Amino acid sequence: MADDGLSAGAVARRLGVAVTTLRSWHQRYGLGPSRHVPGQHRRYTADDLARLEVMRRLTTEGVTPAEAARWARGAPAVPDGEPAEERPPRARDGGGAVIPVGRAGPAARGLARAAVRLDAVAMRASIAEAVDAAGVVATWDAMLRPVLVGVGERHAAGARFIEVEHLLSRCVSEVLAAVPRPSRSPAPTRILLSCADEEQHTLPLEALAAALAELGVHCRLLGARVPVTALVGAVARTAPEAVVVWSHARHTADPAQLATLLSAPRRPVLLLAAGPGWSAGALPDGVLVPATLAEAVALLRDVPGSSGR
Ligand code: B12
């Protein structure tokens, strides 16, 4: 740590909390920056950071902020074996609540911590900051996917974290939807994104729509659970050059949906079957299976007429 201490922004990023949370921990619990250089903003010292790490860890584990702050401000850690009342308080419920993010970087770890705390403000702030800094594709692959997959693992392991999964999904959707869409262009929108029938996992398509928007490419996103009749109807009415159908699980990946699209009077030139639900070997001829978000973007960015360019 630089010897003149850390700024609030740097501490917020390290801890995976919003600067507004840091400010309230300072105002309400006295856990603030103790280094003051005349004429400059106050800076956080290593001790300040250590106290805040205790605060963040305990609040993540469900300890009340007031109780956590009492410990963070200096109650010495008591070694094991001492009478219980001397130990730091245990979490009220579900202690040790951590989302595994594998080898993902600090941004993903920070997001995972904010997700467990159900801290929507911090989640939106950190995702928006990452999208601004690195763009949608990099943010999706390096920050969002590891945390989403981690939540899935915890969910599969013990049917926990459903509330975390829902709030995290909501925050991801809100930030992706906020990526500016290209202004109205004379050319009709040539790309249609849709989930397969009964498929509710829309986030990868929301990431695709946002990544295309960053490139000035228009698309229509139909979202979750689109019956094939509705999809064929949308294709007939909007004549897209390219259609992407997302399936996350086997039970929604019926190749007949794609065959119906390909045999419709008005059929797309490009049909992409995206997502882990599809098995490449069982698909109608001519259907492309992009393996990653970046691959799908590369296939779609030059669809004729799809951008204002
Ligand atoms: C968020 C989520 C939800 C949310 C979805 C919110 C939304 N708006 O999308 C909600 C709560 C609605 C939900 C519901 C359910 N879910 Co869910 N969900 C998830 C979760 C946590 C994240 C999904 C996600 O976006 N993952 C990011 C993925 C895509 O990243 P990835 O795997 O690294 O991606 C790889 C590829 O797909 C590809 N890729 C990634 N992004 C993109 C983008 C494009 C364009 C392309 C081409 C490729 C691509 O590259 C990567 C490397 O190979 C997953 C966990 C997981 N492992 O994904 C469970 C998960 C998919 N869900 C699961 C289940 C069981 C369900 C429910 C049945 C639960 C229930 N009982 O109700 C329902 C099913 C609803 C339905 N009919 O679809 C299971 C599926 C198991 C299976 N394979 O069948 C999972 C795996 C969780 C688990 N482990 O149990 N879910």
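Residues numbered from 1 in each chain as written. Predicted model: local features only at pLDDT ≥ 70, side-chain atom pairs only at ≥ 80, totals over all residues. Heavy atoms only, no water.

If you look the protein chain up in an unreviewed UniProt entry, it shows as MerR family transcriptional regulator from Plantactinospora alkalitolerans.

### Here's the deal with the overall build of the protein chain
Of the regular secondary structure elements, the protein chain holds 12 helices and five strands. By residue count, 43% of the 309 residues in the protein chain fall in the buried class. Considering only intrachain contacts with a sequence separation of at least 6, the fraction spanning at least 24 residues in the protein chain is 70%. (Helix = DSSP H or I, 4+ residues; strand = E, 2+ residues; numbered from the N terminus. Buried < 20%, exposed > 50% of the residue type's maximum accessible area, 1.4 Å probe, protein only. Contact = heavy atoms within 4.5 Å.)

### Observations regarding helix α12 (residues 293-300)
Residues three or four positions apart in an α-helix share a direction because the helix packs 3.6 residues into each turn. By the burial criterion, the buried members of α12 are L293, A296, V297 and L300. Mapping the buried residues of α12 onto a view down its axis gives an arc of 100°, with all of them on the same face. Along its buried surface, α12 packs onto α7 (136-158), β1 (191-195), α9 (203-214), β3 (242-246) and β4 (270-274). (Arc of directions from axis to C-beta.)

### Re the site of the ligand
In the region of the ligand, 28 residues are neighbours, and R145, E198, Q200, H201 and T202 sit closest. In the model, a nitrogen atom of the ligand is placed 2.8 Å from a nitrogen or oxygen of the T202 side chain. A distance of 3.3 Å separates an oxygen atom of the ligand from a polar atom in the backbone of A291. Listing elements by their share of the shell around the ligand, those giving two or more residues are α7, α8 (162-177), α9 and α12. Residue contributions to the shell around the ligand peak at seven residues, all from α7. A per-class count over the shell around the ligand returns 14 nonpolar, 10 polar and four charged. If you count residues domain by domain, the shell around the ligand takes at least three from each of domain 2 (94-178) and domain 3 (191-300). (Near = heavy atom within 4 Å. Polar contact = N/O pair within 3.5 Å; in protein donor to acceptor, adjacent residues only side chain to side chain. Nonpolar A, V, L, I, M, F, W, Y, C, P; charged D, E, K, R; others polar. Domains from an automatic or database assignment.)

### Focus: the sheet that holds β3
Here we have five strands laid out as an open sheet, ordered β2-β1-β3-β4-β5, and parallel in their pairing. For this open sheet the edge positions go to β2 (220-221) and β5 (287-288), each flanked by a neighbour on one side alone. By the bridge criterion, two bridges tie β1 to β2 in an arrangement that is parallel. Residue pairing for β2: L193 is matched across the bridge by L221. Along the sheet, helix α11 (residues 255-263) makes contact with β3, β4 and β5, crossing β4 at roughly 170°. The sheet contacts of α12 involve β1, β3, β4 and β5, and relative to β4 the element is tilted by about 175°. (Pairing = 2+ DSSP bridges. Axes fitted to C-alpha atoms, helices over the stretch in contact; angles between N-to-C directions.)

### Structural notes on the pattern of salt bridges
Any two side chains of opposite charge can pair, on the condition that their charged atoms come close. Summed over the entire model, instances satisfying the criterion amount to seven salt bridges. One salt bridge connects D48 with R51, and the closest N-O pair in it is separated by 3.0 Å. Of this pair, D48 and R51 both sit in helix α3 (residues 46-60), three residues apart, which is roughly one turn of the helix. Accessibility expressed as a relative area gives 2% for D48, which makes it buried. In this structure R51 comes out as partly exposed when scored by relative accessible area, which is 29%. (Salt bridge = Lys/Arg side-chain N within 4 Å of Asp/Glu carboxyl O.)

### Focus on the pairing of β1
Counted residue by residue, β1 has five buried out of five residues, so it is predominantly covered. Side chains of β1 alternate between two faces, with I191, L193 and C195 and L192 and S194 buried alike. Relative to β3, β1 runs parallel, the two sharing five bridges. Bridging from a neighbouring strand, S194 pairs with V245 of β3. For the crossover from β1 across α9 to β2, the handedness is right-handed. (Right-handed = clockwise from strand over helix to strand, strands pointing away.)

### Quick notes on the coordination of the cobalt atom of the ligand
Counting protein donors to the cobalt atom of the ligand gives just one, H201 (NE2), placed at 2.2 Å. With respect to the secondary-structure elements, H201 resides in the loop between β1 and α9. (Donors = N, O, S within 2.8 Å, 3.2 Å for Na, K, Ca; no water.)

### Side note on the packing of helix α5 (residues 106-116) against α7
Interaxial distance between α5 and α7 falls to 8 Å at its minimum, and their mutual angle equals 40°. By the angle between their axes, α5 is oblique relative to α7. Crossing angle aside, the handedness with which α5 passes α7 is right-handed. Mapping the contact onto sequence places A107, A108, L111 and A112 in α5 and A142, M143, L144 and V147 in α7. (Parallel < 35°, antiparallel > 145°, perpendicular 65-115°, else oblique. Left-handed = near helix turned anticlockwise from the far one by under 90°.)

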